[in-house]
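One letter stands for each residue in the lines below.
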Amino acid sequence: MQQRSGGEILVASLVAQGTRHLFGVPGESYLPVLDALVDVAARLTFVACRQEGGAAFMAEAAGKLTGRPGVAIVTRGPGAANAAIGVHVARQDSTPMVLLVGQVGADVVDREAFQEVDYRRMYADVAKWVAQVDRPDRIPEYVAHAWRLAMSGRPGPVVLALPEDVLSASAGVGDPPRATHSPAAADVAQVAEVRERLAAARAPLVLVGGSRWDPDACADLALLARRWSLPVACAFRRQDLHDNRLPTYAGDLGIAPNPALVARVRDADLLIVIGERLGEMTTSGYTLLDIPSPRQALVHVHPGPEEIGRVYQPAVGLCATPGAFLGAMLAQGGPERPVAWPSSVPAAHADYERWREPRPVPGAVDLWRIVRWLDERLPDDAILANGAGNYTTWLHRIYRHRRFGTQLAPYAGAMGYGVPAAVAAKLLRPDATVVSWNGDGCFTMNGQELATAVQHRLAIVFVVIDNGMYGTIRMHQERAYPGRVSGTALVNPDFAALARAHGARGETVATTDEFAPAFERALAHDGPALVHVLLDPQALTMNASLDALRETALRARP
Ligand SMILES: Cc1ncc(C[n+]2csc(CCOP(=O)(O)OP(=O)(O)O)c2C)c(N)n1
Ligand SMILES: [Mg+2]
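Residues numbered from 1 in each chain as written. Chains lettered and ligands numbered in written order. Predicted model: local features only at pLDDT ≥ 70, side-chain atom pairs only at ≥ 80, totals over all residues. Heavy atoms only, no water.

Draft legend 1. Quick peek at the overall build of the protein chain. Scanning the protein chain from N- to C-terminus turns up 21 helices and 20 strands. Here the protein chain has a C-alpha radius of gyration of 24 Å; the compact-globule value for 558 residues is 24 Å, and the two agree. Taken along its principal axes, the extent of the C-alpha atoms in the protein chain is 70 × 60 × 50 Å. Expressed as a percentage of its 558 residues, the buried residues of the protein chain come to 58%. About 21300 Å² of surface is accessible on the protein chain, with carbon and sulfur atoms providing 52% of the total. Mean positive and mean negative side-chain charge positions of the protein chain (54 and 58 charges, respectively) differ by 4 Å. (Helix = DSSP H or I, 4+ residues; strand = E, 2+ residues; numbered from the N terminus. Rg over C-alpha atoms; globule rule 2.2 N^0.38 Å. Buried < 20%, exposed > 50% of the residue type's maximum accessible area, 1.4 Å probe, protein only. Areas by Shrake-Rupley, 256 points an atom, 1.4 Å probe, with all protein chains shown as cover. Lys, Arg positive; Asp, Glu negative; His and termini not counted. Charge placed at Lys NZ, Arg CZ, Asp CG, Glu CD.)

In structure tokens:
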């Protein structure tokens, strides 16, 4: 068999997995990989990022969009440390991802050589699996296992460390076949039990979230909800699993959820949870359901058996992918007689619509009206990417997702995700409208990837909601320590000028009415464009001004 370097074997293995983009920052630890990429440039694009955090977020976003591992490659200690944030998001978001890390050679290992880190220990608690490949002929085996593991059960990140000497050594070995995940089929008897419980229910509710969804599974969900008149709620930042315009859509259970939806969950007698692991953000900090046994009969469908009964003991714990469960439910047919909860669906959807009705806000920029305009203006396949901050709450509450794969938002609550995730989205879906929605704090965390967008001429619209502060933390501060501002004020650059300095288009918006024309010009621009929105610091939350928060907290003092 033909002799190839470890770098060539690795790159051929990636191509064999169908990987189209490799997000990274180059390092001298993996020169043989960079060299091997030259010969496959038409099939595998190396996206040179400006910081490994950006590269790892791009890989994570690629995993979210495709259901196959997004891949990042970084150098030893410093690169691996920078990339950790993306690995953590892949963990909490249950996203398939593979991080490749250059490693020191066997000749110096365990001396704490230059930039040496033991990645097995470093990533032990966040990755699904961390391995170091010590022979070039076993690279295909490790790649195949890494891919299958990242995609199977509850998906997550896998880290492979690649010692320099392994990448430069040669071996004669073939490429691994394209890995698939092992299907997790639904148990027929359990599905029948779910159907029986549903037929006997008084007030059922479906909650969807997690990963391993695809357009077919979402279509099956819509069909099941229609057949059985089921209100469907989405988990925190998983609002693209059920078309928000459908009459069966009941809203999302995120941070500060709609009280009417919370009441509906509490009053439900049957809760069918599909794909969601029932994490802290979706359960209002573990207060929404009783622990260990919820009052509602809980049907928990999850592809990872380790997540079933982890906190909440289910009446039916069903290990299956969302698609497998929904397909099996549909195969059992619809209700035999009219359901006992005919008004539940319209009432839940009306609650949702009321929740997104505009309220007055202080200042010249009204994000309620701006996001409502975006909701009307953007096409159904527009992808919206955001990080963490109060600026996201307007988007999550007002914007109606219509299709699977249109929301790139970290369940892990990591700041700085909006810019790199949008870059990945536009690379993978060049025909889709991509909007990167950022706060001033969020944007300055990974805004360096604007240069990557310019380099690849990606027509993304970056919006920066600038309130001159780490607003979320200021909000918590004003509630807990009113008037004592500490560490949350930001002096910002002129973001539109910063965009222009990068070679992108820059727009500044100081009033609500200026937003639509500025956004239209940004959309029409043939390349990246940034819309800098100057938000009044008083517009700190969707419901209360900064001063009102402070006054409420002061009044509550003894
Ligand atoms: C990487 C990271 N660091 C810190 C935090 C804590 N944190 C959550 S929101 C937030 C402020 C976000 O500021 P900005 O992007 O300006 O949004 P705003 O809340 O002002 O709308 C911070 C610091 C976080 N979630 N992630
Ligand atoms: Mg801010």
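Draft legend 2. Representation of the nonpolar core within the structure. Judged by nonpolar contacts, the single largest core of 55 residues is most densely connected at Phe23, Leu99, Tyr123, Leu408, Ile460 and Leu530. Of all the elements, helix H3 (residues 52-66) adds the most residues to this core, at 8 residues. Both of domain 1 (4-171) and domain 3 (358-556) provide at least three residues apiece to this core. When neighbours within four sequence positions are excluded, Leu530 is seen to be in contact with Phe443, Leu450, Phe462, Val464, Phe495, Ala496, Ala499, Arg505, Gly506 and Glu507. Counting residues in each nonpolar core, the second largest holds 35 residues, with Val191, Leu230, Tyr249 and Val301 among its members. (Core = buried A, V, L, I, M, F, W, Y, C linked by side-chain atoms within 4.5 Å. Domains from an automatic or database assignment. Contact = heavy atoms within 4.5 Å.)

Draft legend 3. Up close: the side chain of Ser94. Considering the arrangement of structural elements, one finds Ser94 in the loop between helix H4 (77-92) and strand S5 (97-103). The class for Ser94 is buried, based on a relative accessible area of 6%. Leave out the neighbours within four places in its chain, and Ser94 touches Val89, Arg154, Pro155, Gly156 and Ser211.

Draft legend 4. Structural context of the pairing of strand S13 (residues 297-302). By the criterion of burial, S13 is predominantly enclosed, with 6 of the 6 residues buried. Here S13 shows two buried faces, one formed by Ala297, Val299 and Val301 and the other by Leu298, His300 and His302. Looking at chain direction, strand S12 (residues 270-274) and S13 are connected through 5 bridges and run parallel. For Ile272, the partnering residue across the bridge sits in S13 and is Val299. As paired elements, S13 and strand S14 (residues 316-319) share 4 bridges and run parallel to each other. Bridge pairing links Val299 to Val316 in S14. (Pairing = 2+ DSSP bridges.)

Draft legend 5. Summary view of the state of the cysteines. Across all of its chains, the model carries 0 disulfides by this definition. Cys49 forms no disulfide, and the closest cysteine sulfur to it belongs to Cys442, at a distance of 17 Å. Here Cys49 falls in the buried class, since its relative accessible area comes to 6%. Among the residues examined, Cys442 registers a relative accessible area of 3% and is labelled buried. (Disulfide = S-S within 2.5 Å.)

Draft legend 6. Representation of the site of ligand 1 in the model. Surveying the vicinity of ligand 1 reveals 18 residues, the closest of which are Asp440, Gly441, Cys442, Gly471 and Thr472. With respect to ligand 1, the side chain of Asn467 contributes an N or O atom lying 3.0 Å from an oxygen atom. Contact between ligand 1 and Thr472: an oxygen atom at 2.7 Å from a side-chain N or O atom of the residue. Only helix H16 (440-446) and helix H18 (471-480) provide two or more residues apiece to the shell around ligand 1. If you tally residues by element for the shell around ligand 1, the top one is H16, at 4 residues. Looking at side-chain class alone, the shell around ligand 1 contains 9 nonpolar, 8 polar and 1 charged residues. (Near = heavy atom within 4 Å. Polar contact = N/O pair within 3.5 Å; in protein donor to acceptor, adjacent residues only side chain to side chain. Nonpolar A, V, L, I, M, F, W, Y, C, P; charged D, E, K, R; others polar.)

Draft legend 7. Main features of the coordination of the magnesium ion (ligand 2). Within the protein, Asp440 (OD), Asn467 (OD1) and Met469 (O) serve as the donor atoms for the magnesium ion (ligand 2), at 2.0 to 2.2 Å. Mapping the donors of the magnesium ion (ligand 2) onto the primary sequence gives the spacing D-x26-N-x1-M. By relative accessible area, which is 14% here, Asn467 ends up buried. According to the relative accessible area criterion, Met469 is buried, its value standing at 3%. (Donors = N, O, S within 2.8 Å, 3.2 Å for Na, K, Ca; no water.)

Draft legend 8. The arrangement of the sheet that holds S13 in detail. The 6 strands are arranged S11-S10-S9-S12-S13-S14 in an open sheet whose pairing can be described as parallel. At either margin of the open sheet sits one strand with a lone partner, and together these are strand S11 (249-253) and S14. Direction aside, neighbouring strands of the sheet carry axes that sit 20° apart on average. With 5 bridges joining them, strand S9 (residues 204-208) and S12 adopt parallel strand pairing. Residue pairing across strands places Leu205 opposite Leu271, the latter belonging to S12. Along the sheet, helix H8 (residues 188-200) contacts S9, S12, S13 and S14; its crossing angle with S14, the most-contacted strand, is approximately 140°. With respect to the sheet, helix H11 (residues 322-331) is in contact with S12, S13 and S14, its orientation differing from that of S12 by roughly 130°. (Axes fitted to C-alpha atoms, helices over the stretch in contact; angles between N-to-C directions.)

Draft legend 9. Main features of unusual backbone geometry. A cis amide bond, omega 5°, links Ile291 with the succeeding residue Pro292. Along the chain, Pro292 falls in the loop between S12 and S13. Although it is not a glycine, Gln115 adopts a positive phi angle of roughly 65°. Locating Gln115 in the fold gives a position in the loop between S5 and helix H5 (119-122). For Gln115, a relative accessible area of 23% corresponds to the partly exposed category. Located in the positive-phi region is Ser229, a residue other than glycine, with phi close to 50°. Mapped onto the fold, Ser229 is located in the loop between helix H9 (215-228) and strand S10 (232-235). Residue classification places Ser229 among the partly exposed residues on the basis of a relative accessible area of 25%.

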